[in-house]
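Here is how the chains run, residue by residue.
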Amino acid sequence: MLLRLLGAATACIALLALPLPEPSPTPAPSEATSAAFSWGRDSLWYALEARFIEERKAGCTGSDSADAWAVSRWLDTLATGAYDPAAVIFDSLETAWFRWAPVAAACPGRVGRYVEQGRLLRELVKDESRHWDLEAAGARERLYRLLYGARTAIEEVMLQQPGVVEPVLRGRDEPSATPSALVHGVRIHSGDMLVSRGGAPTSALIARGSDYPGNFSHVALVHVDSSGDVSVIEAHIENGVAIAGAERYLEDRKLRIMVLRPRADVPIISGDPMLPHRAASLALERARSGHIPYDFAMDYQDASKLFCSEVASSAYRDQGVTLWTRLSTISTPGLRRWLAGFGVTHFETQEPSDLEYDPQLVVVAEWRDPKALRDDHIDNAVIDVMLEGAEAGDELGYPWYLLPVGRVMKAYSWMKVKAGSKGPVPEGMSAASALRNREFSAVEKAWASRVRVRAEEIEKAQGYWPPYWELVRIAREVK
């Protein structure tokens, strides 16, 4: 009898250990509509670092007025008229902006002006982009280079002068007719979107895993009622669409948060100023009406399941507003293979980072502090190097012997969900995907820890925090 029981148990374990066929990603988007962006300017980055070292040695006795004037001149010119994406003024502005960065970073008194000009640059470029065809060749790349490039330079400056700039950086307080509330010193309106970056390794993968790598991994929609109560509607991998108060939302570890608001002069909103509030009210009503699972496939057109971006886009779509005027694309084979291992099947979708580039939206405020920025940059550097490995053929695997346990946990989780709770394996995620996630997170955390130790050693030796390109180099070294 005992032998029979042992045999049956062995047979069950063997069956549970049988791997399923590896998921196959769908064909890549057309080359005419997608291509992975690459700066390809390593020589420039190292030249800027060399200039920063020279400026540090000189101290603050000099001036950054020539570089600041060059940027101001191009911004003044940009404000005078409409320019198409191929206009030379944008090349000149980008060059001047990067050239000013190491000079501004070398002296605390120069940082504030640089950050303020960065805010103006973003506003002017976003205003210009309202008239661009973002499907046209070069338009999307131009917008990305200017906005992401300006953001990256500002953060490098902030990291060299920690504590000089307030953690909350103000953008434009776009007028809105919808109910509002004050949250940690920032006025938030119903219909606003909170774009953030979580602290988990998978959050870094979401932020960087795109043809246009970014800094954000999550989108939430804000509802404010007439009494000023704030509800944040968001989709979580663990339990699908959920509602949180403002304080509960902020309790979850986030490395950065950006507040986006629809422009008041978008025609459909100027004719119906309460539209953003109705979109938020619709999302809140849906979330309260019943369980909505998380959409691991990232199918932004299927509202029966929602990933984080869909919470906002589906609610606004029902009101006649299309967010993400240009869809995000994921075209590199290695990344597509890895994401397919997590259950993703749609690679033309709505990535959180790309919402910032929507011309219909303005940046109201952004929160980030030096420690969070360090963690963010270290994680990003590790993920970038991991994705280099993916393109070289590295697999996103897991210990095969854990599959039986994973499948038992999946069955247990399924029963928990049916009972109205949640289990260790998220609804909609397979046992194999959960094990990949576990292994990926463990590898990334260990790798990031080694990068952090090495970066701190370099900081102590050279007197300044290694810039992003150095973090990437360190991540390759400690691999």
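Predicted, not measured: the structure shown is a model, and the values here were computed from it.

### Thoughts on the pattern of salt bridges
So, step 1. Under the criterion given, the structure shown has 45 salt bridges.
So, step 2. Between Arg256 and Glu366 there is a salt bridge, with its nearest N and O atoms 3.5 Å apart. Separated by 110 residues along the polypeptide, Arg256 in strand E8 (residues 254-262) and Glu366 in strand E11 (residues 361-367) bring together distant segments of the chain.
So, step 3. Here Glu366 and Arg368 are joined by a salt bridge, their closest N and O atoms 3.5 Å apart.
So, step 4. Taken together, the shared-partner salt bridges connect Arg122, Arg151, Glu155, Arg197, Arg256, Glu356, Glu366, Arg368, Asp376 and Asp379 into one network.

### Quick look at the layout of surface pockets
So, step 1. Estimated volume of the largest pocket: approximately 1,200 Å³.
So, step 2. Along its surface, the largest pocket is lined by 46 residues, and Trp39, Trp45, Arg208, Asp384 and Tyr468 are the ones closest to its centre.
So, step 3. Ranked by residues supplied to the lining of the largest pocket, first place goes to helix H6 (residues 139-160) with nine residues.
So, step 4. Counted by class, the lining of the largest pocket contains 24 nonpolar, ten polar and twelve charged residues.
So, step 5. Approximately 1,000 Å³ is the volume found for the second largest pocket.
So, step 6. The wall of the second largest pocket is formed by 44 residues, among which Thr202, Ser203, Ile206, Ile237 and Glu238 lie closest to the centre.
So, step 7. Listed by contribution, the elements that provide at least two residues to the lining of the second largest pocket are strand E4 (193-198), helix H7 (201-208), strand E6 (230-236), strand E7 (240-245), helix H11 (308-317) and helix H15 (431-462).

### Comments concerning the packing of helix H13 (residues 370-391) against helix H16 (residues 468-477)
So, step 1. The N-to-C vectors of H13 and H16 enclose an angle of 55 degrees; their axes lie 9 Å apart at closest approach. In terms of their interaxial angle, H13 and H16 are classed as oblique. The way H13 lies across H16 gives a crossing that is right-handed. Residue-level contacts link His377, Ile378, Asn380, Ala381, Val382, Asp384, Val385 and Glu388 of H13 to Tyr468, Leu471, Val472, Ala475 and Arg476 of H16.
So, step 2. Of the residues belonging to the contact of H13 with H16, the class tally is eight nonpolar, two polar and three charged.

### Describing the pairing of E11
So, step 1. A large share of E11 lies buried, amounting to six of its seven residues.
So, step 2. As paired strands, strand E1 (residues 168-170) and E11 are joined by three bridges and run antiparallel to one another. If you follow Val168 over to E11, its bridge partner there is Trp367.
So, step 3. Pairing analysis gives six bridges linking E8 to E11, with the strands arranged antiparallel. Residue Met258 lies in a different strand from E11, and its bridge partner there is Glu366.

### Thoughts on the confidence of the model for the protein
So, step 1. In the predicted model, the protein carries a mean pLDDT of 90, and 93% of its residues have values of at least 70.
So, step 2. Mean pLDDT across the elements of the protein bottoms out in helix H1 (residues 2-16) (42) and peaks in strand E5 (residues 218-224) (98).
So, step 3. Note on residues 2-18: pLDDT under 50 across the span, and eleven contacts to partners over four residues away in sequence or across chains.

### Regarding the state of the cysteines
So, step 1. Taken as a whole, this structure holds one disulfide when the rule is applied.
So, step 2. Across a sulfur-sulfur distance of 2.3 Å, Cys60 and Cys107 are joined as a disulfide pair. Given an S-S torsion of about 125 degrees, the disulfide between Cys60 and Cys107 has right-handed geometry. With a gap of 47 residues between them, Cys60 in the loop between helix H2 (42-58) and helix H3 (65-78) and Cys107 in the loop between helix H4 (88-105) and helix H5 (108-129) connect regions that are remote in the sequence.
So, step 3. In this structure Cys60 comes out as partly exposed when scored by relative accessible area, which is 42%.

Rules used in this analysis
- Residues numbered from 1 in each chain as written.
- Predicted model: local features only at pLDDT ≥ 70, side-chain atom pairs only at ≥ 80, totals over all residues.
- Heavy atoms only, no water.
- Salt bridge = Lys/Arg side-chain N within 4 Å of Asp/Glu carboxyl O.
- Helix = DSSP H or I, 4+ residues; strand = E, 2+ residues; numbered from the N terminus.
- 1 Å grid on protein atoms, 1.4 Å probe; cavity = no way out; pocket = protein on both sides within 12 Å on 5 of 7 lines; lining within 4 Å.
- Points joined across faces, edges and corners; volume = space filled by probe spheres on them.
- Nonpolar A, V, L, I, M, F, W, Y, C, P; charged D, E, K, R; others polar.
- Axes fitted to C-alpha atoms, helices over the stretch in contact; angles between N-to-C directions.
- Parallel < 35°, antiparallel > 145°, perpendicular 65-115°, else oblique.
- Left-handed = near helix turned anticlockwise from the far one by under 90°.
- Contact = heavy atoms within 4.5 Å.
- Buried < 20%, exposed > 50% of the residue type's maximum accessible area, 1.4 Å probe, protein only.
- Pairing = 2+ DSSP bridges.
- pLDDT = per-residue confidence, 0-100.
- Disulfide = S-S within 2.5 Å.

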